[in-house]
Amino acid sequence: TYGPVADVNNNPRNPVINIRSFGEDPVRVGALVAGWVKGLQEGGMLATLKHFPGHGDTDVDSHLGLPVIPHPRARLDAVELPPFKAGLGAGAAGVMVAHIELPAIDAESGPATFSAKVMGGLLRGDLGFGGVIYSDSMKMDAIAKMLPPGEAAVRAVKAGIDVVLD
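So, a few notes on the structure that sits alongside this text. (Residues numbered from 1 in each chain as written. Predicted model: local features only at pLDDT ≥ 70, side-chain atom pairs only at ≥ 80, totals over all residues. Heavy atoms only, no water.)

## Side note on the overall build of the protein chain
If you tally the helices and strands in the protein chain, you get 6 helices and 3 strands. Mapped from its N terminus to its C terminus, the protein chain presents α and β elements in the order α-β-α-α-β-α-β-α-α. Compactness check: the protein chain gives a C-alpha radius of gyration of 14 Å against a globular reference of 15 Å for 166 residues, within 12% of the reference. Dimensions of the protein chain along its principal axes, counting C-alpha atoms only, are 40 × 35 × 25 Å. When burial is assessed residue by residue, the protein chain has 51% of its 166 residues classed as buried. Long-range contacts, defined here as pairs at least 24 residues apart, represent 73% of the contacts in the protein chain between residues at least 6 apart. In the form shown here, the protein chain has an accessible surface area of approximately 7,400 Å², with 57% of it arising from carbon and sulfur atoms. (Helix = DSSP H or I, 4+ residues; strand = E, 2+ residues; numbered from the N terminus. Rg over C-alpha atoms; globule rule 2.2 N^0.38 Å. Buried < 20%, exposed > 50% of the residue type's maximum accessible area, 1.4 Å probe, protein only. Contact = heavy atoms within 4.5 Å. Areas by Shrake-Rupley, 256 points an atom, 1.4 Å probe, with all protein chains shown as cover.)

## Looking at unusual backbone geometry
Residue Pro-4 is reached from Gly-3 by a cis peptide bond, and omega for that bond is 10 degrees. Structurally, Pro-4 is set in the segment before helix H1 (26–42). One non-glycine residue, Asp-166, lies in the positive phi region at around 65 degrees. For Asp-166, a relative accessible area of 60% translates into the label exposed.

## A look at the packing of H1 against helix H3 (residues 82–89)
One can describe the packing of H1 onto H3 by two numbers: an axis separation of 8 Å at closest approach and a directional angle of 25 degrees. Comparing their axes, H3 and H1 come out roughly parallel. When you trace H1 past H3, the crossing you get is right-handed. Between H1, through Pro-26, Val-29, Gly-30, Val-33, Ala-34 and Val-37, and H3, the contact on the second element is made entirely by Pro-82, Pro-83, Ala-86 and Gly-87. Here the residues of the contact of H1 with H3 sort into 8 nonpolar, 2 polar and no charged. (Axes fitted to C-alpha atoms, helices over the stretch in contact; angles between N-to-C directions. Parallel < 35°, antiparallel > 145°, perpendicular 65-115°, else oblique. Left-handed = near helix turned anticlockwise from the far one by under 90°. Nonpolar A, V, L, I, M, F, W, Y, C, P; charged D, E, K, R; others polar.)

## Comments concerning the environment of Gly-91
For Gly-91, the location among the structural elements is in the loop between H3 and strand S2 (94–97). Residues Gly-91 and Val-37, 54 residues apart in the sequence, show an inter-C-alpha distance of 7.1 Å. With near-sequence residues (within four places) excluded, Gly-91 lies in contact with Val-37 and Gln-41.

## Observations regarding the pattern of salt bridges
For the structure shown, the criterion picks out 6 salt bridges. Note that Arg-73 and Asp-126 form a salt bridge whose closest N and O atoms lie 3.0 Å from each other. On the criterion of sequence distance, the pair formed by Arg-73 in helix H2 (residues 73–80) and Asp-126 in helix H4 (residues 116–126) is long-range, its members being 53 residues apart. Between Glu-80 and Arg-75 there is a salt bridge, and its shortest N-O distance comes to 3.0 Å. Under the relative-accessibility criterion, Glu-80 is labelled buried at 4%. The class for Arg-75 is partly exposed, based on a relative accessible area of 22%. (Salt bridge = Lys/Arg side-chain N within 4 Å of Asp/Glu carboxyl O.)

Here it is in structure tokens:
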């Protein structure tokens, strides 16, 4: 499986992240994510942070629909991104991108999975990540209800996904 989960569990209505998160405090979550990454990689495993850029503050399960993170960039920098920054700083080899809409980064409607601004601009550019970018499962309804599998895979790769799952 892919891990660790770097999402901050800060929305009690979130139907999917829940106990998969290390908690509600971005700094604490970041410290635990960094420790998990170091432990995995020292043991010969490749750590993959998920669900970039943060699936904690959603009230829609991306297995069933497309969640939106409506917050401005300053909020993302303060809450959603610190655990990912900590995991990247610890040397994570991979990042899994969430099927979420992120209007503060890309004003064009659609999931981060199809956004060069999220992957190339935010993840590769701003955060300096040079490892492997994975999609989340393309069978999830956030994607499957939107496009046929082949077209969805092509859009993901064009946007910056290295490995398309399912």
